[in-house]
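# Coordinate inspection notes
Here is what each chain is made of, one letter per residue.
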Amino acid sequence: DTEVTQTPKHLVMGMTNKKSLKCEQHMGHRAMYWYKQKAKKPPELMFVYSYEKLSINESVPSRFSPECPNSSLLNLHLHALQPEDSALYLCASSQGGSLAEAFFGQGTRLTVV
Amino acid sequence: AQSVTQPDIHITVSEGASLELRCNYSYGATPYLFWYVQSPGQGLQLLLKYFSGDTLVQGIKGFEAEFKRSQSSFNLRKPSVHWSDAAEYFCAVGALQAGTALIFGKGTTLSVSS
């Protein structure tokens, strides 16, 4: 199994809502990542978890809250988002703590209304 | 500063013609180089990677890339493009140290004409 599974595929939420994005992998990878991607732009790193500990937070606003319950799961909790947060949110995983041989999920298309 | 430059924002190639997408990098340490492809609304798929050894690397879908240290380049090539190759292509550079993350170029959009 070489897949990174993200749910939901699409999400529409209001600015007062609380929602969560989920990411799952069963490749034994110990590093997991959240990226944000706007249209026609490259992915922007948000968070890195290495061995279930947050190792990188790229100055992401607190309305985004990551969580890594175990080595196979990665969540991104969303609260009080703004319309400009609408984007494709990509999860990735890799061996060890590096991004070499990273596998990306299909992403969650988030629209904030 | 570490960076990746993809000079071509958009390229159109006729089906069956050859393709070359350019990538230049600036990286202080030994670079590990990647090419990813992304179809609209989809995640990124790894086409190929270079870590060390032979500077000409083969990837999936008939793609290859050549690492040229003297030119700080890692250009992607394909001898004959298919309509299904139309997508966004990202070059990226990274390191194998724990906690590091990829640095992506801005991407090149490939259109294929019939």
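Residues numbered from 1 in each chain as written. Chains lettered and ligands numbered in written order. Predicted model: local features only at pLDDT ≥ 70, side-chain atom pairs only at ≥ 80, totals over all residues. Heavy atoms only, no water.

Turning our eyes to something else, we now look at the packing of aromatic side chains. Per the counting criterion, the structure on display carries 14 aromatic pairs over all chains. Measuring from ring centre to ring centre gives 5.7 Å for phenylalanine 63 of chain B and tyrosine 89 of chain B, while their planes differ by 50 degrees; the resulting arrangement is tilted. Here phenylalanine 63 of chain B is found in the loop between strand S7 (56–58) and strand S8 (64–68), whereas its partner tyrosine 89 of chain B is found in strand S10 (residues 87–94), with 26 residues between them in sequence. The pair formed by phenylalanine 63 of chain B and tyrosine 89 of chain B is uniform in burial state, with each residue classed as buried. Linked through ring pairs, Tyr35 and Phe104 of chain A together with Tyr32, Phe34, Tyr36, Phe51, Phe90 and Phe104 of chain B together constitute an aromatic cluster. (Phe/Tyr/Trp six-rings, centres within 6.5 Å; stacked < 30°, edge-to-face > 60°. Helix = DSSP H or I, 4+ residues; strand = E, 2+ residues; numbered from the N terminus. Buried < 20%, exposed > 50% of the residue type's maximum accessible area, 1.4 Å probe, protein only.)

Residues and elements named next belong to chain A. Applying the stated criterion across every chain yields a total of one cavity of 30 Å³ or more. Of the pockets and cavities examined, the largest cavity occupies roughly 40 Å³. Forming the boundary of the largest cavity are His29, Arg30, Ala31, Met32, Tyr49, Ser50, Tyr51, Glu52, Cys68 and Ser71. When grouped by side-chain class, the residues that make up the lining of the largest cavity number five nonpolar, three polar and two charged. (1 Å grid on protein atoms, 1.4 Å probe; cavity = no way out; pocket = protein on both sides within 12 Å on 5 of 7 lines; lining within 4 Å. Points joined across faces, edges and corners; volume = space filled by probe spheres on them. Nonpolar A, V, L, I, M, F, W, Y, C, P; charged D, E, K, R; others polar.)

With that settled, the discussion passes to the pattern of salt bridges. Applying the stated criterion across every chain, the model contains seven salt bridges over all chains. A salt bridge links glutamate 64 of chain B to arginine 77 of chain B; the shortest N-O distance between them is 3.2 Å. Of this pair, glutamate 64 of chain B sits in strand S8 while arginine 77 of chain B sits in strand S9 (residues 73–78); the two residues are 13 residues apart in sequence, bridging distant segments of the chain. Its relative accessible area of 23% is what places arginine 77 of chain B among the partly exposed residues. Through salt bridges with shared partners, a single ionic network connects Lys36, Arg63 and Asp85 of chain A. (Salt bridge = Lys/Arg side-chain N within 4 Å of Asp/Glu carboxyl O.)

Treat this as a map of the structure, not an account of what it does.
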